[in-house]
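Coordinate inspection notes
So the chains spell out like this:
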Amino acid sequence: MIEHPTHWRWMRRETEGKKENPLQSFAYDDVFCQSVGIWDSPPILHTWVHDPTIVLGTQDSKLHTIQRAKARFEDKGYTVIVRNSGGLASTSIQVYSMCPSL
């Protein structure tokens, strides 16, 4: 258990992320945040890039026109994913995700 972390870890995955399914970055975030949340790790800043990607939030996935919008983005070369949290869509150019300690 880490007492009062004095530093942050920076998980830079801007290069590796381009080769992976975008959902993997969210899986990494889940693991990092769990580890930080139980004090097994100092706080983490996680950066990644997935081009071109549209990241939908759970609220987006419930829209009645979402399948048509998803098909249009995919026709233009975008990967479209639904993350397990959040509300509205974002594009993934470079993402910064932080898991601070409580």
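The structure reproduced in this document is the subject of the present report.

Each value, and the rule that gives it
Residues numbered from 1 in each chain as written. Predicted model: local features only at pLDDT ≥ 70, side-chain atom pairs only at ≥ 80, totals over all residues. Heavy atoms only, no water. Helix = DSSP H or I, 4+ residues; strand = E, 2+ residues; numbered from the N terminus. Buried < 20%, exposed > 50% of the residue type's maximum accessible area, 1.4 Å probe, protein only. Contact = heavy atoms within 4.5 Å. Expected span 1.5 Å × (residues − 1). Arc of directions from axis to C-beta. Polar contact = N/O pair within 3.5 Å; in protein donor to acceptor, adjacent residues only side chain to side chain.

1. Regarding the overall build of the chain
Across its full length, the chain carries two helices and six strands. The order of α-helices and β-strands along the chain, N terminus first, is β-α-β-β-α-β-β-β. For the chain, the proportion of its 102 residues judged to be buried stands at 31%. Sequence separation of at least 24 residues holds for 84% of the intrachain contacts in the chain that already meet a minimum separation of 6.

2. Things to note about unusual backbone geometry
You will see that Trp 39, though not glycine, has its phi angle at about 65°, which is positive. Counting through the fold element by element, Trp 39 comes out in the loop between helix H1 (22–37) and strand E2 (44–48).

3. Description of H1
Over its 16 residues, H1 extends 23 Å from the first C-alpha to the last, a length consistent with the 22 Å expected when each residue adds 1.5 Å. Residues of H1 that are buried: Pro 22, Ser 25, Phe 26, Asp 29, Phe 32 and Val 36. Taken down its axis, H1 places every buried residue within 120° of arc, on the same side. Looking at H1, the residues exposed on the side facing more than 90 degrees away from the buried face are Val 31 and Gln 34. The backbone nitrogen of Leu 23 lies 2.7 Å from a side-chain oxygen of the residue at the head of H1, namely Asn 21. Immediately downstream of H1, the backbone of Trp 39 shows phi near 65°, a positive value.

4. Focus on the environment of Arg 9
With respect to the helices and strands, the residue Arg 9 is situated in strand E1 (residues 9–13). If we skip the residues at most four places from it in the chain, Arg 9 touches Ser 41, Pro 42, Pro 43, Ile 44 and Leu 45.

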